[in-house]
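Each chain is listed here by its residues.
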Amino acid sequence: MIYTLTLNPSIDYIVHVDDLQLGKVNRTTDDTKFPGGKGINVSRILSNLGVNNIALGFLGGFTGEFIENTLNKLNIKTDFIKVNGDTRINVKLKSNEETEINGTGPYISKENLNALMKKLNCLKENDILVLAGSIQSSLPSDLYLQIQKSVKNKGVKVVVDTSGDALIEAIKNKPFLIKPNNHEIEEIFKTKIKSMDELINYGRLLVEMGSENVIISMAGDGAILLNKEGVFFGNAPKGTVQNSVGAGDSLVGGFLAKYYETKDILKAFKHGIATGSASAFSMDLCTKDDVEKLLDVIHIEPYKED
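The chain is annotated in an unreviewed UniProt entry as Tagatose-6-phosphate kinase from Clostridium tarantellae. Its UniProt record gives the chain a comment under Pathway (unreviewed entry), which states: "Carbohydrate metabolism; D-tagatose 6-phosphate degradation; D-glyceraldehyde 3-phosphate and glycerone phosphate from D-tagatose 6-phosphate: step 1/2." Regarding the chain, the relevant UniProt record gives this comment under Function (unreviewed entry): "Catalyzes the ATP-dependent phosphorylation of fructose-l-phosphate to fructose-l,6-bisphosphate."

In structure tokens, the structure reads:
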């Protein structure tokens, strides 16, 4: 089974306003609400691709009820821990410019955390656990590392999709997959990357540090996969970007859907690029048909360095 963990879910409230005027009353031309959070996005993609999974994390209040009810309507199994505070709302305002206002999320008690760890202790060999998104301030900053250690001896494959210190800590315990972009790699190594060869060198360092597979996404320039077998490049299909939010989560979901089926890393990589691109070309997360339309134009090749 594939499990996704979203520690700080949200309702993503997307609001469209023509010519926003600060300090005045503005009327929306359109608005939409989605269950948000990186792990939840991965669960939604897996479900769209016909892969069963279970969404884990913390939910609270009427906002948490909305998220759980919406996921259940999408036939996604959930097993969330209920907390006292309200799950956050993230506002994404689309007007002349795009603006985001993200909530902080509810306080997570020690009892809440213990309940989660008890659920994770039930995972078994060949399960996949996706740790995705930020760790809120009421939780230990090394929580992902703690979780990895707790499931390591069970034969669980762990995917970590986060950034900053949380990612550095997670790499220490040899995750199955991480998916940083070039900006996140610059943050990790406190540098400015000026060429593809530099980017690949830092990707190799991440493999040496412990990650089994590293996918570096480069938006319209494609993606790179690095592991002990080598370095592989996949082109990005051409299309009009409608909404980049969730494209990286879709890449992870598409990768895992194909890997869970075939255990073939390169086929999974190709499927991941197609899924990430298909979501970028859609207003919401992509469908299975969207993905299949792109597969033929994506080619995975060993990367030839200068």
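So that's the structure; there's more coming.
As a further point, take the overall build of the chain. Per the secondary structure count, the chain includes 10 helices and 15 strands. Here the chain has a C-alpha radius of gyration of 19 Å; the compact-globule value for 306 residues is 19 Å, and the two agree. The C-alpha extent of the chain, read off along each of the three principal axes, is 55 × 45 × 40 Å. Looking at the chain residue by residue over its 306 residues, the buried ones come to 51%. Look at the contacts in the chain between residues 6 or more apart in sequence, and 64% of them connect residues 24 or more apart. Summed over its atoms, the accessible surface of the chain is roughly 14,800 Å², and 47% of this surface lies on carbon and sulfur atoms. Across the chain, the mean location of the 35 positive side-chain charges is 5 Å away from that of the 39 negative side-chain charges.

Attention shifts here to the environment of Met209. Inspection of the secondary structure puts Met209 in helix α7 (residues 196-209). Residues Met209 and Gly37 lie 172 residues apart in sequence; the distance between their C-alpha atoms is 27 Å. With sequence-adjacent residues up to four places away left out, Met209 is seen in contact with Ile171 and Phe189.

Okay, the packing of aromatic side chains next. Working definition: an aromatic ring pair is given by the centre-to-centre distance plus the angle between the planes. Following the criterion strictly, the structure yields 4 aromatic pairs and no others. Summarising the aromatic geometry, the rings of Phe176 and Phe255 are spaced 6.4 Å apart at their centres and angled 55° between planes, so their arrangement reads as tilted. Remark: Phe255 occurs in helix α8 (residues 247-262) and Phe176 occurs in the loop between α5 (164-171) and β11 (177-178); sequence separation between them is 79 residues. With relative accessibility at 3%, the residue Phe176 sits in the buried group.

Further remarks concern the pairing of strand β9 (residues 128-132). Taken across its 5 residues, β9 has 5 buried, putting it largely inside the fold. The alternating pattern of β9 places Ile128, Val130 and Ala132 and Leu129 and Leu131 on opposite faces, both of which are buried. Inspection of the sheet shows strand β1 (residues 2-6) paired to β9 by 4 bridges, in the parallel sense. Its bridge partner lying in β9, Tyr3 is registered against Leu129. Between β9 and its parallel partner strand β10 (residues 157-161), the chain crosses via helix α4 (residues 143-152), and the hand of that crossover is right-handed.

The next subject is helix α3 (residues 110-120). Residues separated by three or four positions in an α-helix point in the same direction, a consequence of the helix having 3.6 residues per turn. Taken residue by residue, α3 has Asn112, Leu113, Leu116 and Leu120 as its buried positions. Taken end-on, α3 shows its buried residues confined to a sector of 95°, consistent with a single buried face. When the buried face of α3 is taken as reference, the exposed residues oriented beyond 90 degrees from it are Lys110, Glu111 and Lys118. Tucked inside the fold, the buried residues of α3 contact β1, β4 (53-59), β6 (81-82), β9 and α4.

This next bit is on the pattern of salt bridges. All chains considered together, the criterion is met by 10 salt bridges. Across the pair Lys82 and Glu68 runs a salt bridge, and its minimum N-O distance is 3.1 Å. Pair noted here: Lys82 is in strand β6 and Glu68 is in helix α2 (residues 61-73), with a separation of 14 residues, a long-range link. The closest approach of N and O atoms between Glu186 and Lys192, which form a salt bridge, is 3.9 Å. Glu186 sits in the buried class, given a relative accessible area of 12%. What you see here is one network of salt bridges that share partners, running through Lys38, Asp161 and Asp249.

Counting residues in each nonpolar core, the largest one holds 42 residues, and the members touching the most others are Leu7 and Leu129. Those residues in contact with Leu7 that lie beyond four places of it in its chain are Phe58, Leu116, Ser134, Ile135, Gln136, Leu139, Leu143 and Tyr144. Residues Ala223, Ile273, Cys286 and Val291 belong to the second largest nonpolar core, which totals 34 residues.

Reading the values: the criteria
- Residues numbered from 1 in each chain as written.
- Predicted model: local features only at pLDDT ≥ 70, side-chain atom pairs only at ≥ 80, totals over all residues.
- Heavy atoms only, no water.
- UniProt positions renumbered as here; feature names shortened; annotations may be inferred.
- Helix = DSSP H or I, 4+ residues; strand = E, 2+ residues; numbered from the N terminus.
- Rg over C-alpha atoms; globule rule 2.2 N^0.38 Å.
- Buried < 20%, exposed > 50% of the residue type's maximum accessible area, 1.4 Å probe, protein only.
- Contact = heavy atoms within 4.5 Å.
- Areas by Shrake-Rupley, 256 points an atom, 1.4 Å probe, with all protein chains shown as cover.
- Lys, Arg positive; Asp, Glu negative; His and termini not counted.
- Charge placed at Lys NZ, Arg CZ, Asp CG, Glu CD.
- Phe/Tyr/Trp six-rings, centres within 6.5 Å; stacked < 30°, edge-to-face > 60°.
- Pairing = 2+ DSSP bridges.
- Right-handed = clockwise from strand over helix to strand, strands pointing away.
- Arc of directions from axis to C-beta.
- Salt bridge = Lys/Arg side-chain N within 4 Å of Asp/Glu carboxyl O.
- Core = buried A, V, L, I, M, F, W, Y, C linked by side-chain atoms within 4.5 Å.

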